[in-house]
Structures are given as structure tokens and as C-alpha cells.
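# Chains, contacts and geometry: an overview
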Amino acid sequence: MIALIVAKAKNNVIGKDNQLIWHLPEDLKHFKALTTGHIIIMGRKTLESLPCKLPNREHWVVTRQEGYVPPYEGVRIFHSPEEALDAAQQVDDTVYCIGGAELYGAMLPMADRLYVTELEDSFDGDAVFPVIDETVFKKTAEEKRQPTADHGGFAFVTYDRIRR
Ligand SMILES: NC(=O)c1ccc[n+]([C@@H]2O[C@H](COP(=O)([O-])OP(=O)(O)OC[C@H]3O[C@@H](n4cnc5c(N)ncnc54)[C@H](OP(=O)(O)O)[C@@H]3O)[C@@H](O)[C@H]2O)c1
């Protein structure tokens, strides 16, 4: 299965200046619980935005640059999303695309499932998740979280593909 995992604001913003905008510890735990033990595929800019390699996950990066040298050892390099997905699906039952905006756009047409953390607030940013076509992806689960003093409300939403 090809899964996309993303946290997006109400206005679909996912990042600004190559960084995440909000700090939601519960979402980071959710991300860790789902992706640990799996291959995570990401765009070169998202790889370079990580503070370090994420433990117990294989990092695969997509770049157009020949001879790209990643900032961390052990990162596998691919030159198209299709090439990365073909190789990943041969060795992992669930492969996660973890962003960013350009990679999500390229992989959404191939995704089977979307794990979307939907924030109730809008944010200013420069990286945006594509609009989810609900005639293609059906919402199959939703777990809401109330706002607190630290953050606004959000929900863990799962979408499954209903047509190609
Ligand atoms: N909220 C979230 O859940 C979330 C998750 C991840 C990232 N983000 C945010 O998203 C932003 C980064 O997104 P982004 O769109 O700027 O960058 P990105 O998708 O992470 O990386 C873009 C780069 O990936 C490579 N690439 C993309 N499509 C390709 C293709 N079809 N074939 C080959 N290489 C390809 C290119 O690398 P080269 O330039 O090296 O050729 C391109 O410049 C940041 O703000 C980050 O914090 C948010």
C-alpha cells in the first residue's frame, strides 16, 4: 500500500520557509507510530529540513540532481517518485510518502490511503497540500482532538481511495 501522511492547515498550508509551522506533539507521536519500521519517501527539500534522521525508518529521497550527496548516511537516492515507489513496494507492505508539497503532488495520483492531520486553523505559508478530491478518496476514519491552551483543534483523518 502507498500511503501519504501529512499535517495540513484548514487552508491546506503545510509549511513555510522549508519548515513546519506548528508544534503538535500528539501529531508527532501519531507520525512516529505509523511510520516506524517502514520506508519513508520524501522530497530532497523535506530531507534537508529534518533536524536529524528519524530512528528506525529507511529514508529514501527523490531528487533530480545527479550526484546528489544527502546530509545523512544511509539515505537511498531516486530520481523519480515512480522509481522510488516501485523499489519500495517490493520490500515493504506499506510505504509512506512524508512530503513535501511537490512530492505529495507527484504521489497523490498513486496513493491508496491518506493519513491527514487536519488542523482547524488556517496558517500563512508557502507549501500547500493538493485539494483532496472526495470522489476519489473517501473519508473512512476521523478522530477529533479539542483545542487546548497550547493548540487549536485538529483531527486525525483517514481517506481511502475509492476509484483510480
Ligand atoms: N505538514 C507536513 O505534514 C509536512 C510534511 C513534509 C514537509 N512539509 C513542508 O513542506 C515544505 C517542503 O515542500 P517542497 O514542495 O518545497 O519540497 P519537497 O517536496 O520536500 O522537495 C522538493 C524537491 O524534491 C525533488 N523532486 C520533487 N519532485 C520530483 C520529481 N518528480 N522527480 C525528481 N525529483 C523530484 C526535487 O529535488 P531537487 O531540487 O534536488 O531536484 C525538488 O526540488 C517544507 O516547508 C516542509 O516543512 C510539511
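Details of the structure are given in the entry above.
Keep in mind it's a predicted model, so treat the numbers as computed, not measured.

### Some thoughts on the environment of D112
Relative to the helices and strands, D112 resides in the loop between α4 (101–107) and β7 (113–119). Put simply, D112 and C52 are 60 residues apart on the chain and 28 Å apart in space, counted from C-alpha to C-alpha. Filtering out sequence-adjacent residues up to four positions away, D112 remains in contact with M1, I2, F137, Y159, D160, R161 and R164. A polar side-chain atom of D112 sits 2.7 Å from the main-chain amide nitrogen of I2.

### Thoughts on the state of the cysteines
Under the criterion given, the structure shown has 0 disulfides. C97 supplies the cysteine sulfur nearest to C52, a cysteine that is in no disulfide, at a spacing of 19 Å. Accessibility expressed as a relative area gives 40% for C52, which makes it partly exposed.

### What to know about the packing of aromatic side chains
Scanning all chains against the criterion turns up 5 aromatic pairs. On the numbers, 5.4 Å between centres and 80° between planes, the contact of F154 with F156 is edge-to-face. In this pair, the class of F154 matches that of F156, namely buried. Note that R76 overlies the ring of W60, its terminal NZ or CZ placed 4.5 Å from the centroid.

### As for helix α3 (residues 81–89)
Within α3, the full set of buried residues consists of P81, A84, L85 and A88. Summarising the axial view, the buried residues of α3 lie within an arc of 95°, below the 170-degree limit, and thus occupy one face. Looking at the buried residues of α3, the elements they touch are β1 (2–8), β3 (39–43), β4 (58–62), β5 (76–78), β6 (95–97) and α4.

### Observations concerning the site of the ligand
Near the ligand lie 27 residues; those nearest to it are A7, R44, T46, T63 and Q65. A distance of 2.6 Å separates an oxygen atom of the ligand from a polar side-chain atom of T46. At 3.2 Å from an oxygen atom of the ligand is found a main-chain nitrogen or oxygen belonging to L103. Contact with the protein chains hides 87% of the accessible area of the ligand, taken as 940 Å² for the molecule alone. If you map the ligand onto the pockets, it falls in the largest pocket. Secondary structure elements with two or more residues in the shell around the ligand: β1, β2 (13–15), α2 (44–49) and α4.

### Remarks on helix α1 (residues 25–35)
Residues of α1 that are buried: D27, F31, L34 and T35. The arc that holds the buried residues of α1, viewed along the axis, is 85°, so those residues lie on one side. In this structure, α1 carries K29 and A33 as exposed residues pointing more than 90 degrees from its buried face. Next to the buried residues of α1 lie β1, β3, β6, β7 and β10 (154–161). In the segment just after α1, G37 is the residue with positive phi, at about 85°.

Conventions adopted
Residues numbered from 1 in each chain as written. Predicted model: local features only at pLDDT ≥ 70, side-chain atom pairs only at ≥ 80, totals over all residues. Heavy atoms only, no water. Helix = DSSP H or I, 4+ residues; strand = E, 2+ residues; numbered from the N terminus. Contact = heavy atoms within 4.5 Å. Polar contact = N/O pair within 3.5 Å; in protein donor to acceptor, adjacent residues only side chain to side chain. Disulfide = S-S within 2.5 Å. Buried < 20%, exposed > 50% of the residue type's maximum accessible area, 1.4 Å probe, protein only. Phe/Tyr/Trp six-rings, centres within 6.5 Å; stacked < 30°, edge-to-face > 60°. Lys NZ or Arg CZ within 6 Å of the ring centre and 35° of its normal. Arc of directions from axis to C-beta. Near = heavy atom within 4 Å. Areas by Shrake-Rupley, 256 points an atom, 1.4 Å probe, with all protein chains shown as cover. 1 Å grid on protein atoms, 1.4 Å probe; cavity = no way out; pocket = protein on both sides within 12 Å on 5 of 7 lines; lining within 4 Å. Sits in = over half its atoms within 2 Å of the grid points.

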